[in-house]
Amino acid sequence: MAGVNKVILVGHVGADPEVRDLPSGSSVATFSIATSEKYKNKAGETVEQTEWHRLELWEGLAKIAQQYVKKGSQIYVEGKIKTEEWVDKDGVAKKGIRIRVNTMTLLGSAGGGNNNNNNSTSNTTNEPKQATANEYVADNSPAPDDDLPF
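Computed from a predicted model, the values in this text were never measured in an experiment. (Residues numbered from 1 in each chain as written. Predicted model: local features only at pLDDT ≥ 70, side-chain atom pairs only at ≥ 80, totals over all residues. Heavy atoms only, no water.)

Draft legend 1. Here's a closer look at the overall build of the chain. Secondary structure summary: the chain contains one helix and seven strands in total. Each helix (α) and strand (β) of the chain, taken in turn from the N terminus, gives the series β-β-β-β-α-β-β-β. Out of the 150 residues belonging to the chain, those deemed buried represent 31%. Excluding contacts between residues fewer than 6 apart, the proportion of contacts in the chain whose partners are at least 24 apart in sequence is 60%. (Helix = DSSP H or I, 4+ residues; strand = E, 2+ residues; numbered from the N terminus. Buried < 20%, exposed > 50% of the residue type's maximum accessible area, 1.4 Å probe, protein only. Contact = heavy atoms within 4.5 Å.)

Set out below in structure tokens:
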């Protein structure tokens with residue numbers, strides 16, 4: 001049986017996306033988001049734990065992120081975990097995890113607040129609310145047709 005590698009995150013953007021245009025003509029955006037959870041410890045104190053996730057978006061998603069995603073924005077992303085290995089400038093082997101995003105939805109305004117004009121039913125703005133990697137394939141090949149009835 002094949003495995004499943006799927007990640008769903010809702011968090012706040014830590015810094016404006018960095019977008020690079022590669023020699024191959026592809027575009028890639030990278031930035032991090034923070035997810036937080038609160039719980040009470042044994043002493044009854046509320047503790048907030050924050051995790052940072054490094055995101056990677058390709059092609060059209062990278063361009064959308066460049067235009068609309070700003071530090072403090074709240075976003076919803078779906079993607080998969082990618083493990084990367086490299087050797088740093090001192091020759092030390094490093095390993096890290098990045099989320100390769102294939103779906104992104106902008107949830108709130110920059111600064112983390114909710115804006116009533118920024119919901120899925122509003123047609124008062126031309127800003128895209130959701131984009132998927134199916135629209136923008138990293139290797140420039142067309143997305144496969146899906147003949148499933150659902």
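Draft legend 2. Geometry of the pairing of strand β2 (residues 18-21). Relative to strand β3 (residues 27-40), β2 runs antiparallel, the two being bridged by four bridges. Each bridged residue has a counterpart across the sheet, and for Val-19 the counterpart in β3 is Ala-29. Linking β2 back to β3 in an antiparallel pair, the connection comprises five residues, with Gly-25 at a positive phi of about 100°. (Pairing = 2+ DSSP bridges.)

Draft legend 3. How the structure looks around the pattern of salt bridges. Applying the stated criterion across every chain yields a total of eight salt bridges. A salt bridge links Asp-21 to Lys-63; the nearest nitrogen and oxygen atoms lie 3.2 Å apart. Placement of the pair is Asp-21 in strand β2 and Lys-63 in helix α1 (residues 59-68), with a sequence separation of 42 residues. Note on Asp-21: relative accessible area 56%, which makes it exposed. Bridged by salt links that share partners, the residues Arg-54, Glu-56, Glu-84, Arg-98 and Arg-100 form one connected network. (Salt bridge = Lys/Arg side-chain N within 4 Å of Asp/Glu carboxyl O.)

Draft legend 4. Main features of the environment of Ile-97. Assignment of secondary structure puts Ile-97 in strand β6 (residues 93-106). With residues near it in sequence (within four places) discarded, Ile-97 still touches Arg-54, Ile-81 and Lys-82.

Draft legend 5. Highlighting the nonpolar core. Phe-31, Leu-55, Leu-57 and Met-104 are the most contacted members of the largest nonpolar core, which has 19 residues in total. If you list the elements that add at least two residues to this core, you get β1 (7-13), β3, β4 (46-58), α1, β5 (74-87) and β6. Leu-55 has contacts with Leu-9, Ala-29, Thr-30, Phe-31, Ile-33, Ile-75, Val-77, Arg-98, Ile-99 and Val-101, leaving out every residue within four places of it along the chain. (Core = buried A, V, L, I, M, F, W, Y, C linked by side-chain atoms within 4.5 Å.)

Draft legend 6. Structural view of the pairing of β1. Examined bridge by bridge, β1 and β5 share six bridges and lie antiparallel to one another. Counterpart to Val-10 in the pairing with β5 is Tyr-76. By the bridge criterion, two bridges tie β1 to β3 in an arrangement that is antiparallel. Bridge pairing in β3 places Val-13 opposite Ile-33.

Draft legend 7. Unusual backbone geometry, seen in detail. Non-glycine residue Glu-59 carries a positive phi angle of around 50°. Within the secondary structure layout, Glu-59 lies in helix α1. Since its relative accessible area comes to 14%, Glu-59 is described here as buried.

These values are about where atoms sit, not about what they do.
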